[in-house]
Amino acid sequence: MSTTQPIKSLKSLKLFKDYFKYVKPSPRNYTLIITGLNSALRISDILHLTCGDVYNFEKKEWKTHIVVKERKTGKINRIFINIEMKKALEAYMPHITMLPDSWLFQSQLCIDQPLSRYQAYRLIREAASYAGLGSHISCHSLRKTFGYHAWKQGTPPALLMNIYNHSSFQVTKRYLGIDQDDKDAVFAKIQL
């Protein structure tokens, strides 16, 4: 059994994201992937989001943050809705019933149920296969990909530890799949 990994290659990441946008258009699936990549939430928390979690129906505008009680830890987490998520949500909005209590990622079989974890896994594997990614990509890869690219863009390790609620950077490092290639790249860039 292989360990779930982040999507490290920006080229592969673009192919992965583009699959449900251009190749096999599905606003729901595309928005699910964009939400996972940009929120660092676990798939169980994403699947249980409602339209009211992302949209303020009184003000008729997108919320600035998703506030979720994490299913695994029970902790309250406040996630900024960035421009990528907002664009995906805006494109997705005409395709769903926008009611405060309706599931954001609704099952196509049972409209009163969220998309199942298994179905989310299948669609992520489908996009991963198109992008030429190996069997080590799963729902959790979305969360790990967020952290990996945040780290590569200079996010301090202590902040990533806080985002993931990890006890040490060693745990975060293993979680993000920081390996010898990443260390080699640092040495290759340094030209003293």
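Reference entry: report on the structure contained in this document. Keep in mind that this is a model prediction, so the values were computed, not measured.

**A few points about the nonpolar core**
Across soluble globular proteins, nonpolar side chains show a tendency to be buried alongside one another. In terms of nonpolar packing, the biggest core is built from 42 residues, with F16, L32, I33, V54, L104 and I124 touching the most fellow members. Those elements that place two or more of their residues in this core are α1 (10-23), α2 (27-39), α3 (43-47), α4 (51-54), β3 (65-69), α5 (83-92), α6 (117-130) and α7 (139-152). Apart from the residues lying within four places of it in its own chain, the contact partners of L32 are I43, I46, L47, F105, L115, A120, L123 and L142. Counting seven residues, the second largest nonpolar core, distinct from the first, contains A40, A150, Y175 and I178.

**Notes on the packing of aromatic side chains**
A complete count under the given rule lists seven aromatic pairs for this structure. Between Y19 and F20 the ring centres are 4.8 Å apart and the planes differ by 75 degrees, which places this aromatic pair in the edge-to-face class. Among the residues examined, F20 registers a relative accessible area of 2% and is labelled buried. Centre to centre, the rings of Y19 and Y130 are 5.1 Å apart; their planes meet at 35 degrees, and the pair counts as tilted. Within this pair, whereas Y19 is found in helix α1, its partner Y130 is found in helix α6, the two being separated by 111 residues in sequence. Overall, the relative accessible area of 10% leaves Y19 in the buried class. Judged by its relative accessible area of 39%, Y130 is partly exposed. Taken together, the aromatic side chains of Y19, F20 and Y130 make up a single cluster linked through ring pairs. The aromatic ring of Y175 is capped on one face by K144, whose charged end is 5.0 Å from the ring centroid.

**Describing the pairing of β3**
Burial along β3 is one-sided: I66 and V68 are buried, and none of H65, V67 and K69, which face the opposite way, are. As judged from the five bridges shared by β3 and strand β4 (residues 76-80), these two strands associate in the antiparallel manner. Paired with H65 across the bridge in β4 is F80. Connecting the antiparallel pair β3 and β4 is a turn made up of six residues, with G74 showing a positive phi of about 80 degrees.

**What about the pattern of salt bridges?**
Scanning the entire structure with this criterion turns up four salt bridges. Of the charged contacts, one joins E126 and K24 as a salt bridge, the two residues approaching to 2.8 Å between their closest N and O atoms. Within this pair, whereas E126 is found in helix α6, its partner K24 is found in the loop between α1 and α2, the two being separated by 102 residues in sequence. Given a relative accessible area of 27%, E126 falls into the partly exposed group. A salt bridge links R42 to E70; the nearest nitrogen and oxygen atoms lie 3.4 Å apart. Of this pair, R42 sits in the loop between α2 and α3 while E70 is found in the loop between β3 and β4, placing the two residues 28 residues apart along the sequence. Per residue, the accessibility class of R42 equals that of E70, and both read buried.

**Some details on unusual backbone geometry**
Its identity as a non-glycine residue notwithstanding, A40 has a phi of 65 degrees, on the positive side. Looking at the element boundaries, A40 is found in the loop between α2 and α3. Assessed through its relative accessible area of 4%, A40 is described here as buried.

**Quick word on α2**
An ideal rise of 1.5 Å per residue puts 18 Å on 13 residues; α2 measures up with 18 Å between its terminal C-alpha atoms. Burial runs high along α2: twelve of the 13 residues are buried. By the burial criterion, the buried members of α2 are R28, N29, Y30, T31, L32, I33, I34, T35, G36, L37, N38 and S39. Those residues of α2 that are buried lie in contact with α1, α3, β4, α5, α6 and α7. In the segment just after α2, A40 is the residue with positive phi, at about 65 degrees.

Thresholds applied
- Residues numbered from 1 in each chain as written.
- Predicted model: local features only at pLDDT ≥ 70, side-chain atom pairs only at ≥ 80, totals over all residues.
- Heavy atoms only, no water.
- Core = buried A, V, L, I, M, F, W, Y, C linked by side-chain atoms within 4.5 Å.
- Buried < 20%, exposed > 50% of the residue type's maximum accessible area, 1.4 Å probe, protein only.
- Helix = DSSP H or I, 4+ residues; strand = E, 2+ residues; numbered from the N terminus.
- Contact = heavy atoms within 4.5 Å.
- Phe/Tyr/Trp six-rings, centres within 6.5 Å; stacked < 30°, edge-to-face > 60°.
- Lys NZ or Arg CZ within 6 Å of the ring centre and 35° of its normal.
- Pairing = 2+ DSSP bridges.
- Salt bridge = Lys/Arg side-chain N within 4 Å of Asp/Glu carboxyl O.
- Expected span 1.5 Å × (residues − 1).

No statement about biological role is implied by the geometric values presented.
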